[in-house]
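Spelled out from the first residue to the last, the chains are:
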Amino acid sequence: MIPLSVRIKSTRLDRHVTAELLSAPKVRAVVPGGFASCTFSLHRPLGFDPDDLRHFAQVWVYSNLGVQFEGRIEDLGRTAGDQGEVWEITAIGPSVHASDVMAPLIYVDREAAEDRWPRGRLSASSAEMQYQDDSANDGPEIRILAHEGETISGGGVVYGDVQYRAMYDAGLKIGRIRCDVINAVTNADYGNRIVTRQGPGGAGTTVSTQAWTSGGGSMFASLGGANPIPAGDDVANIRWVRAAAGAFTAQSNNYVGEYSGIAVRCQLKDVNGNDITSGYDLNTVLATEVVKDLLGRLLTMYDGATANVEATLYNIEHLAYPDGVAAAQVLEDLIEFEPGFYWAAWESLANSKHRFEFRAWPSSIRYEADVTDGYSGPSSAAELYNKALVRYRDWAGRIRTTTRTQAVSALDDAGLTRTVIIDLGDEISSLANAQRVGDQKLAEHATPPNAGSLTIARPILDRDKNRMVMPWEIRPGHLIRVRGIKPSVDSLNATTRNGVSVFKIVAVDYDAGTGAASLELDSHPRSVARYLSALAKQRQKKRRR
Amino acid sequence: MALTLRFVDAISASPTLRLDLVSAPWRVDSTRTSFPPPPLERAIASTLLTDGAQIPGKAFGLRTLRLGLILDDDSPDDAAEALRLLFRELSRERNTLEYKVGTANSVFFRTHAAAPETLEDLTDGSLKTLNIEILAEPFAYGTMETLVASQTVNMNPAAGSNGLFVPITGVKGDVETPVRVKGASTVLSGFQSVLAIRRRGTPANLPLVQQAEAMTQGTNTTTQPNDATMSGSGNNYSRCTFTTATMQTRLSTTVYPATDSPDARGVYRVFARLRRSNATDVINVQLNSNAKVATALTANIQIVELGELAIPGGMDPLTDGPSGAELSARGAGLTIKAERISGTATLDFDHFMFFPADNSSDRFALVQWPTTTSANYYVDGYTQSVYATDTTTGAVENSAGFLIGNFPMVTPNQDARLYFLRKVGSLADAVGDAVSLTVEYWPRYLAVRAPGG
């Protein structure tokens, strides 16, 4: 017998059902995601709800060495036919939790459109706010100006003021804010300020100032850092004031403050859900920081304290979801920036939370196998691209595109140009972000993928465990070296022509009925089911506030 | 040749008769009666890339019992009454059919509901013949046997006998069989225990325990004078003071076990018996390249699972080519690392335990015992359940035990050892603790039962 057992635990009953199964369990694990699904069938009367077969009952598949699958019953299908009364069970793994939890999240916000920085209530009625492009950097800027002849109150009274309350509306706090500033003239009677407050009506604290100068400058403030932002502040204002006493009538149109390069970061949480009160020195955020924040803020069913979250390098310039987003979507977006990473949720630990990892694909080979039990590896040039057109929405809210190219000898030699279209929606809009995603996507499609499906029906060597492992023990998210295949040259098989190929394992399907595991390699194999799944997961365009 | 063929109420040495098929008005026609062994169903995977095929899994299917019966009664009405009694037995969802053909011992088939394939009247209705096919569980059962009768398992691996195990010998039957392990609520209630079985080779040679003080002492680690709460004699544990608090090798041995042996081969789940000096500091422990494990925040002695160890590891051919002669396995190196993230606590190592958990024949489980009182607790491999019964009435109680892993099984004509560690997790047994266990089973047969079982 295959030494696996199946256990179901509902709120009313906890039992092993191995001997009662009508069909052997089929277990699937994928990256990103982790334990994905387990299906099996049982005989139970259809006339009432069995105590053990309840929605969200826990399901485990065990071996001697521990948990081979863990999940909760999501689908209960009932049939009556030549097999009698049958319940078809589908349990979904803990990865579904990432799609269950949603919230508005703003990690870095560089938008400077009017709906993000509307006119502040303290602005003089004569003050004009203009939202336009910074002619120097093709980025957005906000101009606050007093026209010739307008009266400007003195003594520090606010003249022109724009307010940012997106963090407050999202239930977040400000961790850092900055902007560049340039004024039409240098004048010591006037000053630029950043003010923060708790709530739109809270008392304001001036956290950063910059004297009026035509040479330009910058302002910044951060939580727990230089120019400290008071803890709990979630609303910010950018303004200029006449600091000198007495009112003044503008003699020209030179009473202007131009604010560009605006960036607002939220206060992050650590993996335990505690607020991080310092360390907001940069105007960007790392994927690592976002993952840890998700673990502490939303993904409370994953064990943040023991999570393996590896360090990333790319500085994300803009990542904002003011309309709300599922944690799974955020993780998916992070992988667009860091395609060498994946996330996965696995078995639960002693504290009932699931083991979680956000890690880089390993560079060392874990499994050794050959093609004896079966292999299928279509290699299509349809996956080759030498150009990418990336659509995004910029900081001013306009639809923009950027084009990226790469050299692909097969296409270039044939005089062909193939373009992949990437739609980034509205949430991760910046030119740098779009370029990054475009370059990463092209890199994945520079050579025909070493995709395919490998069947394993016998023990194979696991270098990490240093022993032979059974087919049900093979995990996705690792590299496998397969003997007997001439490889396509790619990043994993740069030069070799010796009949050995290295692949990424992206999914493992184990069928206890056949005792064999089917490994999906590199990219998912071309199947109708896979294409339909991809279409269903296509990015939904988010509506901006 | 004397034949016993009758429906009874239970698998027992003296079961209550329900219907005898070899006494009037029933006779058995041996030419139409057979009890073929169950089919062995196998998954076969093959390609043309190699000769032969793989058998990733196999299991016996349901057995088909074929009965050819003759009903010879005094009158048609009497015959109808006899048929009714037979049909009632056949239609029972589950029934027990006792069978003995000239042997000393009966075997029992657990049958499923059935109906006659044919029913012929030969005369006026008082003489009939029937052919019946009955689906039954794959194996015939013998009466319950006790493998281990209230034997003491000492929680001290250095005990003179039965340190963390009980031996199992004299397993009867034709094929492997589940066992039922019984213990008392007074000693098991609410604990989580290790329950493992090694049933190949010479289980006594399994490398079960490595004492810390017998290992090479590493960074900031030295053996300590005898402590009665630790196992062993003389200096019987090691202490790490964490002068260097980062992850360092604290204990090591170049090869464990020291003796090459086929019985050393396997995959083991490794547990450590440890003690911290306080309940607040963060201390992690790591075995070889396994993931590091946090120790529980307690100053009491605790059991910590460190992960798995494979012996010999790597690509293991198992046998000398196709000869079938099993090759010895050389032990694996052990490196125990530890780090103290915060505080000033020390960490004491008593010993490390290696419980068999490979995929070939071992059985391993973590058992969470129920919490009902005045009860007997069972881990039942036959019904695949963990439950409690009242010690007085035997009634099954509403209890919340469960098992993580595989239910225990034994193999006939193969000595075994049942390994048991009563407390794991943030708890640990005292070295003087002991638990009494009983192990019972129903031998399983493909045909009939031989005199020796």
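Fair warning: this is a prediction, and the values are worked out from it, not measured in the lab.

S.K.: Help me out: how do you make sense of the overall build of chain B in this one?
M.R.: Secondary structure summary: chain B contains two helices and 36 strands in total. With the C-alpha coordinates aligned to their principal axes, the bounding extent of chain B is approximately 100 × 60 × 35 Å. Contacts spanning at least 24 positions in sequence make up 73% of the contacts within chain B whose residues lie at least 6 apart. For chain B, the centre of its 38 positive side-chain charges and the centre of its 45 negative side-chain charges are spaced 7 Å apart.

S.K.: Can you help me understand the overall build of chain A in this one?
M.R.: Along chain A, the regular secondary structure elements total seven helices and 36 strands. If one aligns the C-alpha atoms of chain A with their principal axes, the spans along those axes are about 90 × 65 × 40 Å. Across chain A, contacts joining residues at least 24 apart in sequence account for 70% of those joining residues at least 6 apart. Summed over its atoms, the accessible surface of chain A is roughly 21900 Å², and 49% of this surface lies on carbon and sulfur atoms. Each charge class in chain A was averaged separately, 59 positive and 65 negative side chains, and the resulting centres sit 1 Å apart.

S.K.: Is there a simple way to explain the packing of helix H3 (residues 287-297) of chain A against helix H4 (residues 327-337) of chain A in this structure?
M.R.: When two helices pack together, their arrangement is given by the angle between the helix axes and by the axis-to-axis distance. All names here are of chain A. Contact geometry of H3 with H4 gives a least axis separation of 10 Å together with a crossing angle of 165°. Classified by the angle their axes make, H3 and H4 are roughly antiparallel. Regarding H3 and H4, the two cross each other, and that crossing is left-handed. Contacts between H3 and H4 involve Ala 287, Val 290, Val 291 and Leu 294 from the former and Ala 327, Val 330, Leu 331 and Leu 334 from the latter. Split into classes, the residues belonging to the contact of H3 with H4 amount to eight nonpolar, no polar and no charged.

S.K.: Can you help me understand the pattern of salt bridges in this one?
M.R.: A side chain with one charge may pair with a side chain of the opposite charge, provided their charged atoms come close. Inspection of every chain in the model, using the stated rule, returns 59 salt bridges over all chains. For Arg 481 of chain A, the salt bridge goes to Glu 368 of chain A, with nearest N and O atoms at 2.5 Å. Of the two residues, Arg 481 of chain A sits in strand E34 (residues 479-483) while Glu 368 of chain A sits in strand E26 (residues 365-370), which places them 113 residues apart along the sequence. Taking the relative accessible area as the measure of exposure, Arg 481 of chain A reaches 27% and is therefore partly exposed. Arg 239 of chain B is the partner of Asp 348 of chain B in a salt bridge, and the nearest nitrogen-oxygen pair spans 2.6 Å. Placement of the pair is Asp 348 of chain B in strand E27 (residues 347-356) and Arg 239 of chain B in strand E20 (residues 237-240), with a sequence separation of 109 residues. Each of Arg 15, Glu 20, Arg 44 and Asp 52 of chain A takes part in salt bridges that share partners, so that together they form one network.

S.K.: Mind showing me how you'd approach the sheet that holds strand E31 (residues 396-397) of chain B here?
M.R.: Hydrogen bonds between backbone atoms are what pair the strands of a sheet, whose relative direction is either parallel or antiparallel. All names here are of chain B. Taken together, the six strands give an open sheet; going across it, the order is E12-E35-E15-E29-E30-E31, and neighbouring strands pair in antiparallel fashion. The open sheet terminates on both sides in strands that have one partner only, identified here as strand E12 (145-154) and E31. Here strand E29 (residues 375-380) runs beside strand E30 (residues 385-390); their pairing, made up of six bridges, is antiparallel. Along E30, the bridge assignment pairs Tyr 377 with Ala 388.

S.K.: Even after reading the chapter, I still don't get the interface of chain A and chain B, so can you show me in this structure?
M.R.: The figure often quoted for interface size is the accessible area lost as the parts come together. In this complex, chain A contributes 34 residues to the contact, which on the side of chain B involves 35 residues. For chain A, the biggest contributors to the area lost against chain B are Met 1, Asn 64 and Leu 65 of chain A; these three give 26% of the whole. The shortest N-O distance in the salt bridge between Lys 465 of chain A and Glu 308 of chain B comes to 3.5 Å. The tally of links between chain A and chain B comes to 14 residue pairs in polar contact (both at pLDDT 80 or more). Elements represented by at least two residues in the side of chain A that touches chain B include exactly strand E1 (5-9), strand E2 (14-16), strand E5 (58-63) and strand E33 (467-469) of chain A. Across the side of chain A that touches chain B, the residue classes break down as 13 nonpolar, 12 polar and nine charged.

S.K.: So what exactly am I meant to see when it comes to the side chain of Arg 275 of chain B here?
M.R.: Of note, Arg 275 of chain B is situated in strand E22 (residues 266-276). When neighbours within four sequence positions are excluded, Arg 275 of chain B is seen to be in contact with Asp 227, Thr 229, Met 230, Tyr 237, Arg 239, Ala 299, Asn 300, Ile 301, Thr 346, Leu 347 and Asp 348 of chain B.

S.K.: Hey, could you run me through the nonpolar core in this one?
M.R.: In a soluble, globular protein the nonpolar side chains are often hidden away together inside. If you look at the biggest cluster of nonpolar residues, it comprises 84 residues, and the most contacted ones within it are Tyr 107, Trp 240 and Leu 294 of chain A. Counting residues per element, this core draws most heavily on H4 of chain A, which supplies seven residues. Counting 82 residues, the second largest nonpolar core, distinct from the first, contains Ala 272, Ala 365, Trp 369 and Leu 421 of chain B.

S.K.: Explain the packing of aromatic side chains to me, please; I cannot follow it from the model alone.
M.R.: In this description, a pair of aromatic rings is defined by centroid distance and the angle of the planes. All names here are of chain A. Tallied over the entire structure, the rule returns 31 aromatic pairs over all chains. Ring centres of Phe 248 and Tyr 255 lie 5.7 Å apart, and the angle between their planes is 50°; this geometry places the pair in the tilted category. What makes Phe 248 partly exposed here is its relative accessible area of 27%. Taken together, the ring pairs connect Tyr 159, Tyr 190, Trp 212, Trp 240, Phe 248 and Tyr 255 into an aromatic cluster.

S.K.: Just to check I follow, could you spell out the environment of Gly 175 of chain A for this structure?
M.R.: Residues and elements named next belong to chain A. Within the secondary structure, Gly 175 sits in strand E13 (residues 174-183). Under the relative-accessibility criterion, Gly 175 is labelled buried at 0%. Here the alpha-carbon distance between Gly 175 and Gly 155, two residues 20 residues apart in the chain, equals 30 Å. Residues in contact with Gly 175, not counting those within four places in the same chain, are Ala 221, Ser 222, Leu 223, Ile 229, Arg 265, Cys 266, Gln 267 and Tyr 280.

S.K.: Hey, could you run me through the side chain of Ser 63 of chain A in this one?
M.R.: For Ser 63 of chain A, the position within the fold is in strand E5. Given a relative accessible area of 1%, Ser 63 of chain A falls into the buried group. A polar atom in the side chain of Ser 63 of chain A sits 2.9 Å from the side chain of Gln 68 of chain A. Excluding residues within four positions of it along the chain, Ser 63 of chain A makes contact with Pro 3, Leu 4, Gln 68 and Trp 472 of chain A together with Gly 405 and Asn 406 of chain B.

S.K.: I keep staring at the pairing of E13 of chain A and nothing clicks. Help me out?
M.R.: Along any regular strand, the residues point their side chains to alternate faces of the sheet. All names here are of chain A. Counted residue by residue, E13 has eight buried out of 10 residues, so it is predominantly covered. With eight bridges joining them, E13 and strand E19 (residues 255-266) adopt antiparallel strand pairing. Residue Ile 182 lies in a different strand from E19, and its bridge partner there is Glu 258. Judged from the six bridges that link them, E13 and strand E16 (residues 217-222) form a sheet pairing that is antiparallel. Looking across to E16, one finds that Arg 178 is bridged to Phe 220.

S.K.: How should I be thinking about the confidence of the model for chain B in this particular structure?
M.R.: Detailed reading of the predicted model is not advised wherever pLDDT is low. Of all residues in chain B, 99% have pLDDT values of 70 or greater, and the mean over the chain is 93. If you check the scores for this complex, the pTM reads 0.85 and the ipTM reads 0.83.

S.K.: What is the right way to read the sheet that holds strand E21 (residues 248-256) of chain B from this model?
M.R.: Strand order in the open sheet made by the five strands is E18-E21-E26-E23-E24 (chain B), with antiparallel pairing throughout. Strands with a single pairing partner mark the edges of an open sheet, and in this sheet they are strand E18 (216-217) and strand E24 (293-294) of chain B.

S.K.: Would you explain the environment of Arg 391 of chain A in this entry?
M.R.: Residue and element names in this part refer to chain A. Looking at the element boundaries, Arg 391 is found in strand E28 (residues 387-393). A sequence separation of 12 residues divides Arg 391 from Thr 403, and the C-alpha atoms of the two residues are 9.0 Å apart. Polar contacts involving the side chain of Arg 391 include one to the side chain of Asp 423, which spans 3.3 Å.

S.K.: How do you make sense of the confidence of the model for chain A when you look at a structure like this?
M.R.: Residue and element names in this part refer to chain A. Across chain A, the average pLDDT comes to 87, with 90% of residues at 70 or higher. Across residues 494-499, confidence stays below pLDDT 50; counting only partners more than four residues off in sequence or on other chains, it has nine contacts. Counting contacts from residues 524-545, a segment whose pLDDT is below 50, to residues more than four positions away or on other chains yields 45 contacts.

Cut-offs used in this document
- Numbering of residues begins from 1 in every chain and follows the order in which that chain's sequence is written.
- Here every chain gets a letter starting at A, and every ligand a number starting at 1, in the order they are written.
- Whole-chain, interface and lining totals are the exception, using all residues; otherwise, since this is a predicted model, local features are given only for residues with pLDDT of at least 70 and side-chain atom pairs are given and counted only at 80 or more.
- In computing side-chain properties, one takes all heavy atoms of the structure into account and sets aside hydrogens as well as water.
- Only DSSP runs of H or I with at least four residues qualify as helices, and only runs of E with at least two residues qualify as strands; both kinds are numbered from the N terminus onward.
- A contact between two residues is defined here by any heavy atoms of the two lying within 4.5 Å.
- We treat Lys and Arg as the positive residues and Asp and Glu as the negative residues; His and chain ends play no part in the count.
- Taken as the charge centre is NZ of Lys, CZ of Arg, CG of Asp or CD of Glu, depending on the residue.
- Computed with a 1.4 Å probe, the accessible areas rest on the Shrake-Rupley method; for each residue, only the protein chains presented here act as cover.
- All axes here are fitted lines through C-alpha atoms, helices being fitted over the stretch that makes contact, and every angle between N-to-C directions spans 0 to 180 degrees.
- Throughout this description, any angle smaller than 35 degrees is read as roughly parallel, any larger than 145 degrees as roughly antiparallel, any in the 65 to 115 degree range as roughly perpendicular, and the remainder as oblique.
- Should the near helix be turned counterclockwise from the far one by less than a right angle, the crossing is left-handed, whereas a clockwise turn marks it as right-handed.
- Ten residue types, Ala, Val, Leu, Ile, Met, Phe, Trp, Tyr, Cys and Pro, are classed as nonpolar, four, Asp, Glu, Lys and Arg, as charged, and the remainder, Gly among them, as polar.
- In what follows, salt bridge is the name for a side-chain nitrogen of Lys or Arg lying within 4 Å of a carboxyl oxygen of Asp or Glu.
- For every residue, the accessible area obtained with a 1.4 Å probe (protein chains only) is divided by the maximum for its type, and the residue is called buried under 20%, exposed over 50%, and partly exposed between those limits.
- Whether two strands pair comes down to DSSP finding at least two bridges between them.
- Values labelled buried area give the accessible surface lost by two parts on being combined, using a 1.4 Å probe and summing over both.
- For this analysis, a polar contact is any N or O atom pair within 3.5 Å, provided that within protein one partner can donate a hydrogen and the other can accept it, and provided that sequence-adjacent residues contribute only side-chain to side-chain pairs.
- Joining through side-chain atoms within 4.5 Å is the link that ties buried Ala, Val, Leu, Ile, Met, Phe, Trp, Tyr and Cys residues into a set, and such a set is a nonpolar core.
- Stacked, tilted and edge-to-face are the three classes applied to pairs of Phe, Tyr and Trp rings, where Trp contributes its six-membered ring and a pair requires centres within 6.5 Å; stacked means planes under 30 degrees apart, edge-to-face means over 60, and tilted covers the rest.
- Predictor confidence is given residue by residue as pLDDT, running from a minimum of 0 to a maximum of 100.

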